[in-house]
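Commentary on secondary and tertiary structure
Chain by chain, the residues run as shown.
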Amino acid sequence: MSNYTVEIKTTNKPSILKFEFNEFLTKQKGYEYHNIEEASNSPLASQLFYLPFVKTVYISQNFIAIDKYNIIEWEDVQDEVAEQLLKHLNEGGKIVEEEEAESTKKIPVTVYAESTPNPSVMKFVANKKLVLESAEFKTIDDADRSPLAQKLFHFPFVKEVFMDENYISINKYDMAEWDMITNELRGFIKTYIEEGGPILKTGSVSKEKSGDATSPKIDTSNLDDISKEIVQILEEYVKPAVASDGGNIVFKSYNKESKDVEVILQGACSGCPSSTITLKNGIETMLKEMLQGKINNVVAFNG
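Here goes a summary of the coordinates provided. Remember, it's a predicted structure, so these values are computed and weren't measured experimentally.

This part covers the pairing of strand β9 (residues 158-164). Most of β9 is tucked away: six of the seven residues are buried. In this sheet, β9 lies alongside strand β8 (residues 134-137) in antiparallel orientation, the contact comprising three bridges. Note that in β9 the partner of F137 across the bridge is V161. When β9 meets strand β10 (residues 167-172), the two strands line up antiparallel, connected through six bridges.

In C-alpha cells:
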C-alpha cells in the first residue's frame, strides 16, 4: 500500500483547483482529458468524470488539477475529492495506462552546468522536475534514499550532494578543478536521468536513519506569530534567490528575548565564503526592515 499525501492549492482561475502530491504521478508527460471517452487510458481520470461537476482533468508530474462546472463551489466538495484521490492512489489504483514503448523509451533531457557564488559548488540544472523535496547528503552513508547521490559519491572528487526542484548542486574536494570534471558530471547526470534512474525515494527511510538530509515543509502550527512571519519572508523573498545560486535556507528558531534568528544553510550556501556577507547585508537587513524592532541578529548553521 502506498503512502500518498495531498495538499489542496488554489489557482489564478477560481474554477480550477490543484491537488498536489508528495510523489510523482507520471514521469513521461502531462495529460489533459475533457470527457470520459478521452480518459480511456486513465482509470483515475475516468473515475473523476463520474462526478457531475468535473469539466476537465489535468494530470501532471506531481499534481492533478480539476476544472469544474459552476454548479457547485470548491469549498463544498474539495475535501471529498481529495479523499477520493488518496483512496485510489494509496490502494494502488492506476493513474495512466502508458503504452509500453512510451514508458520504456529514452526521454531526451537537457542538463547544463551553472557556477555558484561558492567556488567549490557547481549547479547542474535539468529541463524537468527532478525531486519534490530538497535533500542534502554529506556522505555516501547518508545517501541510502537517493540512488543518484550514491552513484555520484563514487566519483572521488564529489564531497557533498544537494538536490532540489530541477537541479543538483555538487560540492567538490579541492583535488580537482571544475574545468576538468564538469563535463564528466554533466554527462553522467544527463544519461542517468534519460534512462529513468531513480533520483530520490520519498517516505522510505526513517528520520533516525536519514538524519536531517531532507528539508520538508515547515509545520508552522506550533510557532509563535513572529516565527511564522519569518518563515513566510524566507519562503517568499529569500528562498527563490538562494535556489538560483544552487542552495537552500531553512528556518531553525527564533528567540523572543535576544531577538536572534537561527537558519540552516544547505547546498551551495553551506560553507560558501560569501554566505556571511549575504546573511548580514541581505537576509538580516531584510528581516530587520520588514519586522522592525523584532530582529537583532541572524545566525547561520551549515546543513
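On we go from here.
Quick look at the sheet that holds strand β3 (residues 31-33) now. Read from one edge of the open sheet, five strands run β1-β2-β5-β4-β3, paired in antiparallel fashion. Looking along the sheet, the strands with just one partner apiece sit at the ends: β1 (6-10) and β3. Neighbour to neighbour, the strand axes of the sheet diverge by 20° on average, direction disregarded. With respect to the sheet, helix α2 (residues 74-90) is in contact with β1, β2 (16-21) and β5 (63-68), its orientation differing from that of β2 by roughly 35°.

All chains considered together, the criterion is met by twelve salt bridges. A salt bridge links K13 to D67, with the shortest nitrogen-to-oxygen separation between them at 3.8 Å. Here the residue K13 occupies a position in the loop between β1 and β2, and D67 occupies one in strand β5, the gap between them amounting to 54 residues. Taking the shortest distance from any N to any O, the salt bridge between E165 and K129 comes out at 2.9 Å. You can see E165 sitting in the loop between β9 and β10 and its partner K129 sitting in the loop between β7 (121-126) and β8, a full 36 residues away along the chain. We classify E165 as partly exposed; its relative accessible area is 41%.

Reading guide: rules and limits
Counting restarts for each chain: residues are numbered from 1 in the order of the written sequence. Totals for whole chains, interfaces and linings use every residue, but because this is a predicted model, local features are given only for residues with pLDDT of at least 70 and side-chain atom pairs only at 80 or more, for both listing and counting. Values shown for side chains rest on all heavy atoms present in the structure; no hydrogens or waters enter the calculation. Three exposure classes are used, based on accessible area relative to the maximum for each residue type with a 1.4 Å probe and protein chains only: buried under 20%, partly exposed in between, and exposed over 50%. The secondary structure listing takes helices from DSSP runs of H or I that are at least 4 residues long and strands from runs of E that are at least 2 residues long, numbered from the N terminus. Between any two strands, at least two bridges found by DSSP are needed for them to pair. Between N-to-C directions, angles span 0 to 180 degrees; the directions come from axes that are lines fitted to C-alpha atoms, helices contributing only their stretch in contact. Should any heavy atoms of two residues lie within 4.5 Å, those residues are counted as being in contact. We define a salt bridge as a contact between a side-chain nitrogen of Lys or Arg and a carboxyl oxygen of Asp or Glu at a distance within 4 Å.

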